[in-house]
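Chain residues, written in single-letter form:
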Number of protein chains: 2
Amino acid sequence: MNSTSPVTLTPLGGLGEIGMNCMTFASKDHMIVVDCGLMFPDDYMLGIDVVIPRFDHIIANKEKLRGIVLTHAHEDHIGALPWLLPYVDAPVYGSTFTLALVENKLREHDLDRFVELREVKANDRVEMGDMAVNFFPVCHSIIQGFGLGIETPAGRIVHTGDFKIDTNPLHGNFTDIDSFREFSREGALLMLSDSTNVEREGHSPNEREIMSALSEIFKDARGRIIITLFSSHLQRMQEVFDLAWQTGRKVAVSGRSIMSNIETARRLGYLSIAEGVYVDMDKLVDLPDEECVLLVTGSQGEPLSALTRIASGEHRQLKIKRGDLVILSSRFIPGNVRAITRVINNLYRLGAEVLYERIASIHASGHAFKEELRLMLETVRPKFFVPVHGEYRHLVKHSRLAQTCGVATERCLTLENGQPVTFQPDGTVRFEDNAPVDKIYVDGKGVGDVGATVIKERQLLGGEGLVIVVMVVDGENWEILVGPNVESKGFVFEQHYSHLLDDAKCIVLDIFENTPPGDETKLKERIRSSLRRFFRKILERDPVVVPLVVVI
Amino acid sequence: MNSTSPVTLTPLGGLGEIGMNCMTFASKDHMIVVDCGLMFPDDYMLGIDVVIPRFDHIIANKEKLRGIVLTHAHEDHIGALPWLLPYVDAPVYGSTFTLALVENKLREHDLDRFVELREVKANDRVEMGDMAVNFFPVCHSIIQGFGLGIETPAGRIVHTGDFKIDTNPLHGNFTDIDSFREFSREGALLMLSDSTNVEREGHSPNEREIMSALSEIFKDARGRIIITLFSSHLQRMQEVFDLAWQTGRKVAVSGRSIMSNIETARRLGYLSIAEGVYVDMDKLVDLPDEECVLLVTGSQGEPLSALTRIASGEHRQLKIKRGDLVILSSRFIPGNVRAITRVINNLYRLGAEVLYERIASIHASGHAFKEELRLMLETVRPKFFVPVHGEYRHLVKHSRLAQTCGVATERCLTLENGQPVTFQPDGTVRFEDNAPVDKIYVDGKGVGDVGATVIKERQLLGGEGLVIVVMVVDGENWEILVGPNVESKGFVFEQHYSHLLDDAKCIVLDIFENTPPGDETKLKERIRSSLRRFFRKILERDPVVVPLVVVI
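Residues numbered from 1 in each chain as written. Chains lettered and ligands numbered in written order. Predicted model: local features only at pLDDT ≥ 70, side-chain atom pairs only at ≥ 80, totals over all residues. Heavy atoms only, no water.

### Some points on the overall build of chain A
Threshold: By the criteria applied, helices consist of DSSP H or I runs no shorter than four residues and strands consist of E runs no shorter than two, each listed in order from the N terminus. The buried label goes to any residue with under 20% of its type's maximum accessible area, the exposed label to any with over 50%, and the partly exposed label to all in between, with areas taken from a 1.4 Å probe on protein chains only. Any two residues whose heavy atoms approach within 4.5 Å are treated as being in contact. In this description, accessible areas are obtained by the Shrake-Rupley approach with a 1.4 Å probe, and a residue is regarded as covered only by the protein chains that are shown. The positive count covers Lys and Arg only, the negative count covers Asp and Glu only, and His and the chain ends enter neither. One atom stands in for each charge, and that atom is NZ of Lys, CZ of Arg, CG of Asp or CD of Glu.
Per the secondary structure count, chain A includes 16 helices and 25 strands. Judged by the C-alpha coordinates and their principal axes, chain A covers about 90 × 70 × 45 Å. The buried share among the 552 residues of chain A stands at 60%. Long-range pairs, those at least 24 residues apart, make up 71% of the contacts in chain A with a sequence separation of at least 6. Accessible surface, chain A as shown: approximately 21,800 Å² in total, 47% of it carbon and sulfur. Across chain A, 61 positive and 77 negative side-chain charges occur, with their mean positions spaced 3 Å apart.

If you want it as structure tokens, here you go:
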């Protein structure tokens, strides 16, 4: 297929970061969006619930928009939909399972009635304006993921989605390499591929190895088994139910997200549970220990999750006892390591044995390792390559890998968010002016109203606390009628420091005497700077000082 | 040696956590303290500088105190001295290098003139009351560390300190297994041993392997080398200077802590640098790239460190350019992973190549792996075993390892901080009533005044921000004279939300109308609860609301 007119790729999120994947492909007349994910906040983003991409570029082109295509149902690919869909009008495409999770999410945001969800099956081809999208099954840590083959006026584009290559798959969860090859046979203009694990040599462990390791553990266990995993990892859950059945155990579930995903998967027929294996928690606790499996949320040490409550002895129905075996069949996400190890240590304190990735092979990444990435590159043999889904160093290394697989150096484009690139009919590329991109903070119902300034204030308040000075001043005679009163929050334990706050009052009185009458602005400024200096000197602390001078 | 009278071990820190190592050994008449370390704060401890143990138990027994013994100079072993030494009067024992770093620290706290530091040499024996301490050289990630052989009236006690066993050591940094064996020949009552790496199978890599890997990197590098490491790792620094000399490079240093430690080590003769290899930064930048090595602080992505400034383009003397090689010869401490990877990604953005532990063998832990721990257990063959220096799960696993090495199950004591245990003349142990232990927060000059309540307030302020309501009320007629005024900090971007704050004012007015005149307490309580309810409903946020009602 020859190129007839230009197509522009605009990455809006997910390049240079793990999270909030979102990009657009636009011909002259039409546009499609691939994925619409969120990112979980970094530690310094105090009080922020989630982070989403800036959608201005999509909204500005909404007349051209013909579809929003979802590769799979992880939050970093679908999580920002509730903040885009109210502003655009286009169908959302994805697998049955992906759309089922999307629907749950939209319902929570009261958006489900306004959005058209269109299910696609493996190897479907869907036309969207002058483009068409082919959906290829890929193996990942969630079921029913797709890689994409996008036919555009500029040529064929392959987007791998998040994938690994499992050559000996369980339950049919495989990456359809043949379809990728077939789609690219006449030449792929461009490939975009998952860079997450480019630093890991060789091949990722496959799910059969994990199941086999878990199988040994289930067979050897004499007491109760409590197992946690990513709440969207339906395949792993299938393995747990299968192993429970094989070893004569029953499974109960504790934790909302796992329970809800199991319900959805069962309803759609993507989870097959032998008769009588899935029981209520209330029933499980009456069974002998060696017949119990409890599947729980909390693989990341989340404060309110079932596992964290179990570890702190606060779970209503389950108390840990000696002989219990807890399995964390999941990865430790870096920002969560301290929380997770706190949970593990507490479980040991209560007498449980705990198995986790570091000491047992009970988790496999859903992202391809280096040799799998190489295989994908050699299958598609694209003319251009854009690494996606990775921190900047991953993108650099994935570009280098592509070069070793025959992609010309100057055609390996290590892009960042907001850098649009146009693939032109003459076979060249043009870098366009930047599109607006940003990390938009969502805090409660507020979207984008909490920005750098507010976060900075929160850091100051959180780091050092607050001192408020109140005084009422007679404006006519410039005399203090009430105060100064000094109150603090998060600053010092006041009972220990009443003398300090008394000294602060004296300082304020002194400032009042020495400030020109009537100059309220100067008075407040001096109170603020003098008290900060005073606290820095006495305590080496620098609280936020709020002087409130009421003039009547 | 037979036991003649009881000795009590009291762990005050370091058991069930990595950090703030501190314990006491007490006979009837005398006491010694082993180590006095700090811990760095966890993320949730907002605004806290360092965390130290509660010293009440030591201070209550200060008449008995005969010495404070330091195993080595890491902060988790010496860092809390400035907060103990003002309250006790006993000499501090340690190696020349350890005490040199202690002296620097005490000078910063204006304490150096009041403390008696007594240097000990390898295999010295020092009597402290009715006990005596033998100092055995151990290999660790800092030079001049000691393990201890403590002769007590109850029997011989071995404390390994932090150690690894390097059977082919560089620069004479070895663990003197023979001395441990000799000391324990007639029977060791008790061993306490480093549990940090009990989960890691086999033997830790040795420093010679690291040097050899670094050597290959130095030989292959064509451009500048920028290398960071733990600022107290003098042996690794020696390797860097040696390799620079061998490859015709010069070394300059950027970062206060490394510079200060190098000065100390050179003064004492523990760092041997070939003539002309160590140069000033100003001189280095004029050299050809292939002759430059820059040794910098910042292995943990610390915000103000040299490497972080280099990565963000803010270092005054050094700008990264293509061809630069950055080496992180250090471990990623879990809480710092995001900061470190941010630095690495920024370095790639600027065109540098970066090597780190995950992708190259350029760091070795200073703590023994499982087989080294086993060797120590089999060397000392203690009657009792107490695992130290580890999170709770490490202690449990180290106790299990001791059991496989012949220590009776009931004599492997997995203790926690504050649980004293007495070794009695009849060969039994008695668990004593708990000693007071705590994590004491140091915030600026305040020690312990910031506790759970203040931290909770900081979390609330930091997480959701603050709303202050001020009004002046005529107490006689119960009329509002001024206000209500509403101010916020770290809550919302006020320009977007003036209507919201206006609505809040109306709510306050309404409350005022409907509250019994004169009841200031009820008025404030109603303002607080109503505004919180209002903000939760409108914004799903829950700021700290401070109502200030001034009655005149």
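Read on for the rest.
### Things to note about the UniProt feature "binding site: Ca(2+)" (unreviewed entry) in chain A
Formally: UniProt positions are given in the numbering used here, feature names are shortened, and annotations may be inferred rather than shown by experiment.
Following the UniProt record, the feature "binding site: Ca(2+)" (unreviewed entry) maps to Gly47, Asp49 and Asp443 of chain A here. Taking the farthest pair of C-alpha atoms as the criterion, the annotated set spanning 397 residues converges on one region, since that pair is 6.7 Å apart. Topologically, Asp49 of chain A is positioned in the loop between β3 (31-34) and β4 (50-53). Asp49 of chain A has contacts with Pro41, Val442, Asp443 and Gly444 of chain A, leaving out every residue within four places of it along the chain. Residue contacts for Asp443 of chain A: discarding those within four places in its chain leaves Gly47, Ile48, Asp49, Val450 and Arg458 of chain A together with Leu539 and Arg541 of chain B.

### Quick notes on a nonpolar patch on the surface
For the record, the criterion: Patch building starts from residues that exceed 30% relative accessible area and form no salt bridge, then joins like charges within 9 Å and nonpolar side chains (Val, Leu, Ile, Met, Phe, Trp, Tyr) within 5 Å. By definition, a salt bridge exists where a carboxyl oxygen of Asp or Glu is found within 4 Å of a side-chain nitrogen of Lys or Arg.
Together, Leu481 and Ile552 of chain A together with Leu481 and Ile552 of chain B make up a nonpolar patch on the protein surface, roughly 300 Å² of accessible area in all. Along the chain, the position of Ile552 of chain B falls in the segment after β25 (544-551).

### With respect to the interface of chain A and chain B
Selection criterion: Two parts placed together each lose some accessible area under a 1.4 Å probe, and adding up what both lose gives the buried area. We define a polar contact as two N or O atoms separated by no more than 3.5 Å, with the added condition that, inside protein, one atom must be a possible hydrogen donor and the other a possible acceptor, whereas residues neighbouring each other in sequence contribute only through side-chain atom pairs.
Counting residues at the interface gives 69 residues for chain A and 69 residues for chain B. Carbon and sulfur atoms make up 53% of the area that chain A and chain B hide from each other, which totals about 6,100 Å². Inspection of the region where chain A meets chain B yields twelve salt bridges. With a shortest N-O distance of 2.8 Å, Arg349 of chain A and Glu416 of chain B are connected by a salt bridge. Taken together, chain A and chain B are joined by 38 residue pairs in polar contact (both at pLDDT 80 or more). Listed by contribution, the elements that provide at least two residues to the side of chain A that touches chain B are α11 (337-349), α13 (392-404), α14 (452-464), β23 (466-474), β24 (479-489), α16 (520-539) and β25 (544-551) of chain A.

### A look at unusual backbone geometry
The residue after Gly483 of chain A, namely Pro484 of chain A, is reached through a cis peptide bond having omega 0°. If you trace the backbone, Pro484 of chain A turns up in strand β24. Unlike most non-glycine residues, Asp35 of chain B shows phi in positive territory, near 65°. On the secondary structure map, Asp35 of chain B appears in the loop between β3 (31-34) and β4 (50-53).

### A few points about the UniProt feature "binding site: substrate" (unreviewed entry) in chain A
Residues and elements named next belong to chain A. The feature "binding site: substrate" (unreviewed entry), as annotated in UniProt, sits at Ser231, Ser232, His233, His363, Ala364, Ser365, Gly366 and His367 in this numbering. Relative to the helices and strands, His233 is located in the loop between β13 (225-228) and α7 (234-246). Judged by its relative accessible area of 3%, His233 falls in the buried class. Once residues lying within four places of it in the same chain are set aside, the contact partners of His233 are Ser141 and Glu207. Relative to the elements of secondary structure, Ala364 occurs in the loop between β17 (353-355) and α12 (370-380).

### Some points on the relation of the copies chain A and chain B
Heads up, the rule is: Least squares is used to superpose the copies, and the fit set is the C-alpha atoms of residues whose pLDDT is at least 70 in both copies.
Mapping chain A onto chain B leaves a residual RMSD of 0.1 Å; the transformation is a rotation of 180° accompanied by 0.1 Å of translation along its axis. As the rotation angle and translation indicate, the two copies are arranged about a two-fold axis. Relative to the rotation axis, the C-alpha of Gly462 of chain A is the closest in chain A, positioned 1.9 Å from it. Interface overlap between copies is the fraction of interface residues in one copy that are interface residues in the other; for chain A against chain B it reaches 100%, indicating a shared surface.

### What about the packing of aromatic side chains?
Note the cut-off: Stacked, tilted and edge-to-face are the three classes assigned to paired rings of Phe, Tyr and Trp, where Trp is represented by its six-membered ring and a pair needs centres within 6.5 Å; plane angles under 30 degrees give stacked, over 60 edge-to-face, the rest tilted. Charge-over-ring contacts are defined here by two conditions on Lys NZ or Arg CZ: a distance within 6 Å of the ring centre and an angle within 35 degrees of the ring normal.
Here the structure, examined in full by the defined rule, presents 20 aromatic pairs over all chains. Each residue in the set Phe136, Phe180 and Phe183 of chain A is aromatic and connected to the rest through ring pairs, giving one cluster. Sitting over the ring of Phe183 of chain A, Arg156 of chain A keeps its end group 4.4 Å from the ring centre. A cation over an aromatic ring shows up here: Arg411 of chain B above the ring of Phe384 of chain B, its NZ or CZ 5.6 Å from the ring centre.

### A few points about the side chain of Ser530 of chain A
Residues and elements named next belong to chain A. Residue position: Ser530 is located in helix α16. On the basis of relative accessibility, which here comes to 15%, the residue Ser530 falls in the buried class. Among all residues touching Ser530, those that are not within four sequence positions of it are Ile507 and Ile511.

### What about the state of the cysteines?
All names here are of chain B. Here is the rule we go by: The disulfide criterion is simple: two cysteine sulfur atoms within 2.5 Å.
Counted under the stated rule, the structure contains zero disulfides over all chains. With no disulfide of its own, Cys22 lies 5.0 Å from the sulfur of Cys36, the closest cysteine sulfur. The class of Cys22 is buried, set by a relative accessible area of 2%.

### Section: the packing of helix α5 (residues 177-184) of chain A against α12 of chain A
Convention followed: The angle between two axes is taken between their N-to-C directions and runs from 0 to 180 degrees, where each axis is a line fitted to C-alpha atoms and a helix contributes only its stretch in contact.
Across the interface, α5 of chain A lies against α12 of chain A with an axial gap of 8 Å and an inter-helix angle of 35°. Taking contact as the criterion, the partners of Ile177, Phe180, Arg181 and Ser184 of chain A in α5 of chain A are, on α12 of chain A, Met376, Thr379 and Val380 of chain A.

### Some words on the pattern of salt bridges
Residue and element names in this part refer to chain A. All chains considered together, the criterion is met by 70 salt bridges over all chains. Arg125 serves as the salt-bridge partner of Glu127, at 3.1 Å between the closest nitrogen and oxygen. Exposure remark for Arg125: the relative accessible area of 43% places this residue in the partly exposed category. Within this structure, Arg125, Glu127, Glu151 and Arg156 form a network of salt bridges that share partners.

### Structural notes on the environment of Glu476 of chain B
Here Glu476 of chain B is to be found in the loop between β23 (466-474) and β24 (479-489). It is 8.1 Å that separates the C-alpha atoms of Glu476 of chain B and Ile552 of chain B, two residues lying 76 residues apart in sequence.

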